[in-house]
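The primary structure of each chain is shown beneath.
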Amino acid sequence: MSDPHGASPEGPAGVLLGIDVGEARVGLAASDALGLLAHPVDTLRRDHEGSTDLDRVADEVHERAAVTVVVGLPRSLDGQERVAAARAREYAERLQRRLEVPVRLWDERLTTVDAHRALHSSGVRGRDQRGVVDQAAAVLILQGALDARRAGRPVGSSLKARKPRGRRSRDPDAKDAT
């Protein structure tokens, strides 16, 4: 539950940053100071070798005095984490090593599809979407997290929390600890 000063179980009120991680680009969004509304900030080129994109995100965190970073975790429709989710998780972990604020993961199933639809319906056509679709997806990711926080729900999950890849067969010789 939030207190009158805007604090929540997920941390203090303030600016949150949202990130949509792609193979070629990274969309960046930020909230207002009250943590109510998300807006687009930038689309960064992924720099797999020099990590200038991670540097730029860290700079935004410091410039905006962000209190949390929310990275979209693209799970498949059945909830499994596959290649894209593993890449986003790895990006979030690399980012967390650069920051003192928490980096959280947000289930972003179909966010990019929704961003394409929203851009199309607002008159942005095909090729023109390429430069802004990642920002739009980051806005959707961040707005979902902000809405959850306002409702008193967790802002995503910690980097340590992993969804099981599948059921593991139990060792029949193992004894219950209960």
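Criteria and thresholds
- Residues numbered from 1 in each chain as written.
- Predicted model: local features only at pLDDT ≥ 70, side-chain atom pairs only at ≥ 80, totals over all residues.
- Heavy atoms only, no water.
- Salt bridge = Lys/Arg side-chain N within 4 Å of Asp/Glu carboxyl O.
- Helix = DSSP H or I, 4+ residues; strand = E, 2+ residues; numbered from the N terminus.
- Buried < 20%, exposed > 50% of the residue type's maximum accessible area, 1.4 Å probe, protein only.
- Pairing = 2+ DSSP bridges.

**Section: the pattern of salt bridges**
Thought 1: Under the definition given, this model contains ten salt bridges.
Thought 2: Across the salt bridge formed by Arg-56 and Asp-42, the nearest N and O atoms sit 3.6 Å from each other. Pair noted here: Arg-56 is in helix 1 (residues 52-64) and Asp-42 is in strand 3 (residues 38-45), with a separation of 14 residues, a long-range link.
Thought 3: Of the residues examined, Arg-56 reaches a relative accessible area of 27% and is grouped as partly exposed.
Thought 4: Using a relative accessible area of 24% as the deciding quantity, one classes Asp-42 as partly exposed.
Thought 5: In the salt-bridge network here, residues are joined through shared partners; they are Asp-42, Arg-56, Glu-60 and Arg-64.

**A look at the pairing of strand 2 (residues 25-31)**
Thought 1: Of all the seven residues making up strand 2, six are buried; the element is thus mostly covered by neighbouring parts of the structure.
Thought 2: Pairing of strand 1 (residues 16-21) with strand 2 involves five bridges; the strand directions are antiparallel. Each residue of the ladder has a partner; that of Asp-20, found in strand 2, is Gly-27.
Thought 3: Between strand 1 and the antiparallel strand that follows it, strand 2, lie three residues.
Thought 4: Both strand 2 and strand 3 contribute to a ladder of seven bridges, which runs antiparallel. Paired with Leu-28 across the bridge in strand 3 is Asp-42.

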